There are 2 protein chains.
Amino acid sequence: MPNDRMSGRPGPTLRSQILLYGLLGGGLIALLRLIEYRWLVLDHSIEIYGGLIAALFAGLGVWLGLRLTRPRETVVVREVVVEGGAAFVRNDAEVEAMGLTPRELEMLELVAVGLSNREIAARAFVSENTVKTHLSRVFDKLGASRRTQAVQRARQLRLIA
Amino acid sequence: MPNDRMSGRPGPTLRSQILLYGLLGGGLIALLRLIEYRWLVLDHSIEIYGGLIAALFAGLGVWLGLRLTRPRETVVVREVVVEGGAAFVRNDAEVEAMGLTPRELEMLELVAVGLSNREIAARAFVSENTVKTHLSRVFDKLGASRRTQAVQRARQLRLIA
DNA sequence: CCCGAAATCATCCCTTCGGGTGACGCGCGG
DNA sequence: CCGCGCGTCACCCGAAGGGATGATTTCGGG
């Protein structure tokens, strides 16, 4: 099951921040004018004035931009697959190596689900004797002498589920 | 295996951007002065002037801040667990429900690995007859009539690996 | 102290399984 | 055409497995 998390913080609303900065800006301008009338009666006061405002608001803008964006900077998508279906995949290479024919593998599978030779014969539409010969060959190829042993071997080699 | 990706883009260097914005600011101030000398000979031109600069640089700052931060805004951590060992855990509740005794479960496990009654007897230091009685009870409790069937049932109920 | 669950072993009987051997038909490739 | 692998079936025999029943011991709880 995927698990997503996104960081977010409460803090002041956007509306109140705009209001605050507006007032701050107004106050700043008034302050600057006052300063100018006091002791900034220079020729190029206009450049200094503009430069100050520019620098201040640029910094403010950067800070504001950062602050507004920050909550989005850690979008973490964590995807964890827990014990999926893990569908069985037959190890065909091993089947080949063991020299098992399709029919033999089929019989082996039926043995694995706990059927008797008689039941297997019925399900595969062949005689019980045929099942026995097939299984004999299977046991021989897998090096098993009992059906439970054959099933165990086949499972280890991923021949059957 | 975890797989991390972080978006990044080439673009202009920070140094060249600062230079660019500095020149832009200088040019802007010159432009504003020119405009003022042409037709902005008002009483409150100083407020308009400052406001314009403030607004422009604030916007510039916001844009700059956003631009600098943007590359970090998509940090995606994708963690995928690929069907690990998935160690076997016995379903003890089911064992209880089946009424299997420890000894019976032990015998069942030995059957599952393909051993004959004789081999099981040797491994558990009991007589073959004992193994048979234990297994008889197991088959009875699991509703099985053959050892392969019992193994299959036990596997489904997660009584054995 | 007795009961009952669990573990142990045994004996009888029948079924199932596994090994060995032989045989027949079919299709494919040398 | 012949050989070979595959699938099919049959018979025999001994070993293994499974069902039923009974007996003994040990241990823990009522």
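Residues numbered from 1 in each chain as written. Chains lettered and ligands numbered in written order. Predicted model: local features only at pLDDT ≥ 70, side-chain atom pairs only at ≥ 80, totals over all residues. Heavy atoms only, no water.

A. Expanded view of helix α7 (residues 147–156) of chain B. Counting buried residues along α7(B), eight of its 10 residues qualify, which places the element largely inside the surrounding structure. Those residues of α7(B) lying buried are B:R147, B:T148, B:Q149, B:A150, B:V151, B:Q152, B:A154 and B:R155. The secondary structure elements touched by the buried residues of α7(B) are α4 (102–112) and α7 (147–156) of chain A together with α4 (102–112), α5 (117–124) and α6 (128–142) of chain B. In the segment just after α7(B), B:R158 is the residue with positive phi, at about 60°. (Buried < 20%, exposed > 50% of the residue type's maximum accessible area, 1.4 Å probe, protein only. Helix = DSSP H or I, 4+ residues; strand = E, 2+ residues; numbered from the N terminus. Contact = heavy atoms within 4.5 Å.)

B. Representation of α4(A) in the model. When α4(A) is considered as a whole, its buried residues turn out to be A:E104, A:L105, A:M107, A:L108, A:L110, A:V111 and A:A112. Of the surrounding elements, those touching the buried residues of α4(A) are α3 (92–98), α5 (117–124), α6 (128–142) and α7 of chain A together with α7 of chain B. A:G114 occupies a position one or two residues after α4(A) and carries a positive phi of about 90°.

C. Up close: the packing of α4(B) against α6(B). Residue and element names in this part refer to chain B. Here α4 crosses α6 at 95°, and the two axes come no closer than 9 Å. Here α4 is positioned roughly perpendicular relative to α6, judged by the angle of their axes. Contact with α4, carried on its side by R103, E104, M107, L108 and V111, involves V131, H134, L135, R137, V138, K141 and L142 of α6 and no other residues of that element. (Axes fitted to C-alpha atoms, helices over the stretch in contact; angles between N-to-C directions. Parallel < 35°, antiparallel > 145°, perpendicular 65-115°, else oblique.)

D. Region of the structure containing the protein's contact with DNA strand C. Around DNA strand C, the structure places 19 residues, and the nearest of them are A:K132, A:R147, B:T101, B:S127 and B:H134. Take A:R147: an N or O atom from its main chain is 2.6 Å from a phosphate oxygen of DNA strand C. A distance of 2.9 Å separates a phosphate oxygen of DNA strand C from a polar side-chain atom of B:T130. Among the secondary structure elements, those contributing two or more residues to the surface near DNA strand C are α5 and α6 of chain A together with α4 and α6 of chain B. Here the element with the most residues in the surface near DNA strand C is α6(B); it accounts for five residues. (Near = heavy atom within 4 Å. Polar contact = N/O pair within 3.5 Å; in protein donor to acceptor, adjacent residues only side chain to side chain.)

E. Region of the structure containing empty space enclosed by the protein. Within the structure shown, the criterion is met by two cavities of 30 Å³ or more. Each pocket or cavity is described by its volume, and for the second largest cavity that value is around 40 Å³. For the lining of the second largest cavity, the secondary structure elements donating two or more residues are α7 of chain A together with α4 and α7 of chain B. Residue composition of the lining of the second largest cavity, grouped by class: five nonpolar, three polar and one charged. (1 Å grid on protein atoms, 1.4 Å probe; cavity = no way out; pocket = protein on both sides within 12 Å on 5 of 7 lines; lining within 4 Å. Points joined across faces, edges and corners; volume = space filled by probe spheres on them. Nonpolar A, V, L, I, M, F, W, Y, C, P; charged D, E, K, R; others polar.)

F. The arrangement of unusual backbone geometry in detail. Residue and element names in this part refer to chain A. With a phi angle near 60°, F125 is a residue other than glycine that sits in the positive phi range. For F125, the location among the structural elements is in the loop between α5 and α6. Positive phi, close to 60°, is recorded for R158, a residue that is not glycine. Of note, R158 is situated in the segment after α7. According to the relative accessible area criterion, R158 is partly exposed, its value standing at 43%.

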